[in-house]
Amino acid sequence: GIQVEQSPPDLILQEGANSTLRCNFSDSVNNLQWFHQNPWGQLINLFYIPSGTKQNGRLSATTVATERYSLLYISSSQTTDSGVYFCAGGSGNTPLVFGKGTRLSVIA
Amino acid sequence: EADIYQTPRYLVIGTGKKITLECSQTMGHDKMYWYQQDPGMELHLIHYSYGVNSTEKGDLSSESTVSRIRTEHFPLTLESARPSHTSQYLCATSGRNSNQPQHFGDGTRLSIL
């Protein structure tokens, strides 16, 4: 099955800094999502992005499907951005495969 | 956005009890999933269903069972809870096509004493 690798596993940022999170896939996917898990354990959809670029406020994501990777950009980070960021991908009729996550701490 | 309801939100219960975690959705999504997750750690798929009367086991072996009698409901049952079942359980749904996004409920935090 598909393997999903996220980097870095852990990240500490000063408030206001920018960061890039990466997700690599071992095979092609036609479904790719980024999620943020907040400190209360809720998983929030950030982007559905099997290809191309999307932006939502200070967050943006780019997927290069031909090279099997996706990037999540966080600009001007805030303490509320802290949590775990997961990417997940899938193809055909199989369930999504999740990466192990990037644990982000934004300090004031 | 899918509306997915999980109850209870928190449950603390003794060993040996039978537990049912409820998950319901109002979007008519065919596909539903249960994940088990320790805080901040990986998500492990334990069960999924692609429609009524269809259930499959996920990647992580689990002592729990599920049923899908109605499209809207996908309950998860533990016949005899043990401390090793302590975890967060997350329910998710997605539409019929493989290129539709998956959405999560708020989860149930289960503690077995």
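Values in this document were obtained by computation on a predicted structure and should not be read as measured data.

This part is about unusual backbone geometry. Between Ser7(A) and the following residue, Pro8(A), the backbone shows a cis peptide bond with an omega angle of -10 degrees. Thr7(B) connects to Pro8(B) through a cis peptide bond whose omega is -10 degrees. Its place among the elements puts Pro8(B) in the loop between strand E1 (4–7) and strand E2 (10–13). Positive phi is not limited to glycine here, since Arg68(A) has a value of about 60 degrees. Tracing the chain through its elements places Arg68(A) in the loop between strand E7 (59–64) and strand E8 (69–74). A positive phi angle is found at Asn53(B), which is not glycine, with a value near 65 degrees. Secondary-structure assignment places Asn53(B) in the loop between strand E5 (44–51) and strand E6 (54–57). Here Asn53(B) falls in the exposed class, since its relative accessible area comes to 68%.

Glancing now at the sheet that holds E8(A). All names here are of chain A. Here 5 strands make up an open sheet; going across it, the order is E1-E3-E8-E7-E6 and the pairing antiparallel. A strand with exactly one partner marks an edge of an open sheet, and here the two such strands are strand E1 (4–7) and strand E6 (52–56). Each strand of the sheet is rotated relative to its neighbour by a mean of 15 degrees, with strand direction disregarded.

Before going further, it helps to spend a moment on the sheet that holds strand E8 (residues 76–78) of chain B. Residues and elements named next belong to chain B. The strand order across the open sheet built from 4 strands is E1-E3-E8-E7, with neighbouring strands paired in antiparallel fashion. The two strands at the open ends of the sheet, each matched to only one other strand, are E1 and strand E7 (65–66). Pairing analysis gives 4 bridges linking E1 to strand E3 (residues 19–25), with the strands arranged antiparallel. Looking at E3, one finds that glutamine 6 is bridged to cysteine 23.

The rules behind each value
Residues numbered from 1 in each chain as written. Chains lettered and ligands numbered in written order. Predicted model: local features only at pLDDT ≥ 70, side-chain atom pairs only at ≥ 80, totals over all residues. Heavy atoms only, no water. Helix = DSSP H or I, 4+ residues; strand = E, 2+ residues; numbered from the N terminus. Buried < 20%, exposed > 50% of the residue type's maximum accessible area, 1.4 Å probe, protein only. Pairing = 2+ DSSP bridges. Axes fitted to C-alpha atoms, helices over the stretch in contact; angles between N-to-C directions.

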